[in-house]
Amino acid sequence: MSTVVAKDRPRAAVHKFASCDGCQLALLNLGEDLLLLSSLVEFVHFAEAGQVNPEAPVDIAFVEGSISTAKDVERIQRVRARSRFLVAIGACATAGGLQALRNLADGQAWIADVYASPDYVDSLQSSTAVAQHVKVDLELWGCPVNSRQLIAAVRALLFGVAPFEEHDKVCLECKRAQVVCVMVAHGLPCMGPVTRTGCGALCPSFGRDCYACYGPAENPNTEVLGRRLEGLGLAPAAIGRCFLSINNGAPPFTEAGLRRVHEHD
Amino acid sequence: METGFLPRGRFHELLAALHRSGYRCLGPRVREGAIVYAAILVAEDLPRGARDHQAAGHYRIEQTASPRYFAWANGPQALKPIVFAPQEVLWRVRRQADGGLEFHRQTPPAERLAVIGVRACDLAALALQDRHFLGAAGDDPHYAARRAELFLVAVHCSDPSDVCFCVSTGDGPQASSGFDLALCELDSGFIVESGSDRGAVVAAELGLEAVGGDARAAAARQADAARTRQHRSLPGRDLRAALFANLEHPGWEEVAGRCLACGNCTSVCPTCFCHASVETPALDGGMSVHARAWDSCFSQGHSYIHGLTVRSDTRARYRQWLTHKLGSWHEQFGRSGCVGCGRCISWCPVGIDITEEAATVCTGVADE
Ligand code: SF4
Ligand code: SF4
Ligand code: SF4
Ligand code: SF4
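Residues numbered from 1 in each chain as written. Chains lettered and ligands numbered in written order. Predicted model: local features only at pLDDT ≥ 70, side-chain atom pairs only at ≥ 80, totals over all residues. Heavy atoms only, no water.

Observations concerning the overall build of chain A
Using the following cut-off: Numbered from the N terminus, helices here are DSSP runs of H or I no shorter than four residues, and strands are runs of E no shorter than two. The reference for a compact globule is 2.2 Å times residues^0.38; the radius of gyration itself is calculated from the C-alpha atoms. With a 1.4 Å probe rolled over the protein chains alone, any residue whose accessible area is under 20% of its type maximum counts as buried; one over 50% counts as exposed, and the rest are partly exposed. Residue contacts are counted whenever heavy atoms from the two residues lie within 4.5 Å of one another. For every accessible area listed, the method is Shrake-Rupley and the probe measures 1.4 Å; residues are considered covered only by the protein chains on display. In this tally, Asp and Glu contribute negative charge and Lys and Arg positive charge; neither His nor the terminal groups of the chain are included. Note on charges: their place is set at NZ of Lys, CZ of Arg, CG of Asp or CD of Glu.
Counting its regular elements, chain A contains 11 helices and five strands. Radius of gyration (C-alpha) of chain A: 20 Å, near the 18 Å computed for a compact globule of 265 residues. For chain A, the residues scored as buried account for 50% of the 265 residues in total. Sequence-distant contacts, at least 24 apart, represent 71% of the contacts inside chain A between residues at least 6 apart. Total accessible area computed for chain A in this model is approximately 11700 Å², and 56% of it derives from carbon and sulfur atoms. Averaging the coordinates of the 24 positive side-chain charges in chain A and doing the same for the 28 negative ones gives two points 4 Å apart.

Overview of the overall build of chain B
Summing up its helical and strand segments, chain B has 13 helices and 15 strands in all. The C-alpha atoms of chain B give a radius of gyration of 22 Å, which matches the 21 Å a tight globule of 368 residues would have. A principal-axis box enclosing the C-alpha atoms of chain B has dimensions of 65 × 65 × 35 Å. The burial tally for chain B puts 57% of its 368 residues in the buried class. Sequence-distant contacts in chain B: of pairs separated by 6 or more residues, those separated by 24 or more amount to 72%. Accessible surface, chain B as shown: approximately 14800 Å² in total, 53% of it carbon and sulfur. The positive charge centre, built from 37 side chains, and the negative charge centre, built from 42, are 2 Å apart in chain B.

Comments concerning the domain arrangement of chain B
All names here are of chain B. For clarity, the threshold we go by: Residue ranges for the domains originate in an automatic or database domain assignment. A quick way to say it: buried area is the sum, across both parts, of accessible area lost when two parts are put together, with a 1.4 Å probe. The term salt bridge refers to a side-chain nitrogen of Lys or Arg lying within 4 Å of a carboxyl oxygen of Asp or Glu. Two N or O atoms form a polar contact when they lie within 3.5 Å of each other; inside protein one atom must be a possible hydrogen donor and the other a possible acceptor, and for residues adjacent in sequence the pair counts only when both atoms belong to side chains.
Under the domain assignment, chain B is made up of domain 1 (2-85 + 109-228) and domain 2 (240-279 + 295-362). At the interface, 29 residues of domain 1 touch 29 residues of domain 2. A combined buried area of about 2200 Å² lies between domain 1 and domain 2, and 61% of that area is made up of carbon and sulfur atoms. In terms of surface lost to domain 2, no three residues of domain 1 exceed K80, L128 and F165, which account for 26% of the buried area on that side. If you look at where domain 1 meets domain 2, you find two salt bridges. Among the ionic pairs, R343 bridges to D122, the shortest N-O distance being 3.1 Å. For the interface between domain 1 and domain 2, the tally reads 19 residue pairs in polar contact (both at pLDDT 80 or more).

Description of the nonpolar core
For clarity, the cut-off: Side-chain atoms within 4.5 Å are what join buried Ala, Val, Leu, Ile, Met, Phe, Trp, Tyr and Cys residues into a set we call a nonpolar core.
The biggest cluster of nonpolar side chains holds 58 residues, and the ones touching the most others in it are M191 of chain A together with F11, L14, L18, F70 and W347 of chain B. Judged by nonpolar contacts, the second largest core, of 30 residues, contains V118, C121, L150 and F333 of chain B.

Some thoughts on the site of ligand 2
How we decide: Here a residue counts as near a molecule or strand whenever at least one of its heavy atoms sits within 4 Å of it. Only Asp, Glu, Lys and Arg are considered charged, only Ala, Val, Leu, Ile, Met, Phe, Trp, Tyr, Cys and Pro nonpolar, and every remaining residue, Gly among them, polar.
F165, C269, P270, W321, K325, C338, V339, G340, C341, G342, C344 and I354 of chain B make up every residue found near ligand 2. Of the residues that constitute the shell around ligand 2, the class distribution is nine nonpolar, two polar and one charged.

Right, dumping it as structure tokens:
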């Protein structure tokens, strides 16, 4: 492979907020393509890869993680101000992540239950998506995002075109992969009909139900899927949890989940 | 055409004859809880005793002691994925040193493929896909390459499922054309009929026995039972006028409230042919792969034109599916796009039934 380093490469940064670092692995796991990628864009800040320069202005900023502390609120503004194109990557950055469950509960009480010295923990009551704080140019959904999504986005930006946004339902990918539907043939509570494509119908192709880690698809009929899950024997609280999972902070899921959870209140 | 009897214990001779003629055989197998087409090497690979239980939004396989290989109706696939691949590369383009572009067509390899267990509805759907992909505008090379070498062994349906309604569309349950060989399965064996010259060649190799009067009578009884067992139907063969007279029917809004807009119905439908183009450039920008992938009128992208999604809500999408399938197909292909296979009913995760919806929105308007 030729890895001729282009002069005047676009500059990129990878910023981390409240997250598990898993989405950055979609870059680090590129293998040989990582060399090619770094010959095309210059990573000026990518702490997990050893480059630390968070204040450098960049053309592309990848933001992983949710906004979870007062410092985050202020730092995301600086990231935005220094970046031409801001890409939120992963469920934390696009929907607040699993940790957004605390938005629906008394987060401070949880901290008091878990930590010996809760006063050391300085966090907001809420964990929120990047787009709730600054303008986001592109959202790549998934927990975690995969390398294919990141490469497609970078390539489109290098071509100077708008990256393609996937928003179909997982069912379409599932049928293209000719997977036998686990809901129809096995009665499993699959979230595919309301979930965004991008994973290649990974779970159904291993015989299990989709658990919506890519977030809501366009035009999701959460009410009807909820009723179907009820028909499969799930109790309202269990249906609520199907929606209030990794992407609980995505508005269509928050609303559908709370509606079910409060049904028996 | 020529008919003869193949005793059950000699079924493997049919597979052997197909193999000798250079065909790889695909046939029904139970995989992931459903009947799907997969490679068949020996008769034991066939789903002996398997029965399918289908209802709206529901599909289960039951294993019985029956000696029969084909006592089920259908699975989620028809012949569609075999000839119109769910996703396939059409061409690649490479940037040359001088900046020019070089295109390479990706043609599928021609493979002699025999498909065993094809249903009457599958054949009717294939005839429609032929009209689309091998149309006056020129053959689709990918479809044409796969279609040319396809040897079709039909099996008349003895056990339509609860969702089958091919009697209503006029496409089954007996296969009447479009096959190379057709089998009628009885407990004792198979009545074999050839439907093409190459079918006759294979049949001649089998040294078929004469068909006894008992076998003929049993076959006729079985065919009658298969017909009368069906209880669903469409309100008419040509619903074009009824549908287009009812574009503002409240039934569209009502079904949209129950529909997930997930596209499972169009994906399993053996006649649906819509696809999207997918471009995947290599990271270095020097090459790009152009593929097509099944699309659905239930997706947003399907009706996206520059800057505008024409059908943004489910009401418009469901109406598009039904008015095209059962309405404007008549103008396009001279018949409805539904062959009554019932797949869209079983494989709809929420069990929406096309026959019920058609009856609702066509209320009060008579068949042409
Ligand atoms: S298994 Fe899940 S994702 Fe696949 S078609 Fe069925 S409902 Fe959709
Ligand atoms: S519309 Fe439904 S019943 Fe008719 S051919 Fe398509 S999948 Fe089969
Ligand atoms: S629709 Fe007719 S031909 Fe098709 S599987 Fe059912 S009974 Fe057989
Ligand atoms: S009719 Fe059923 S299968 Fe078709 S899009 Fe609606 S919910 Fe999905």
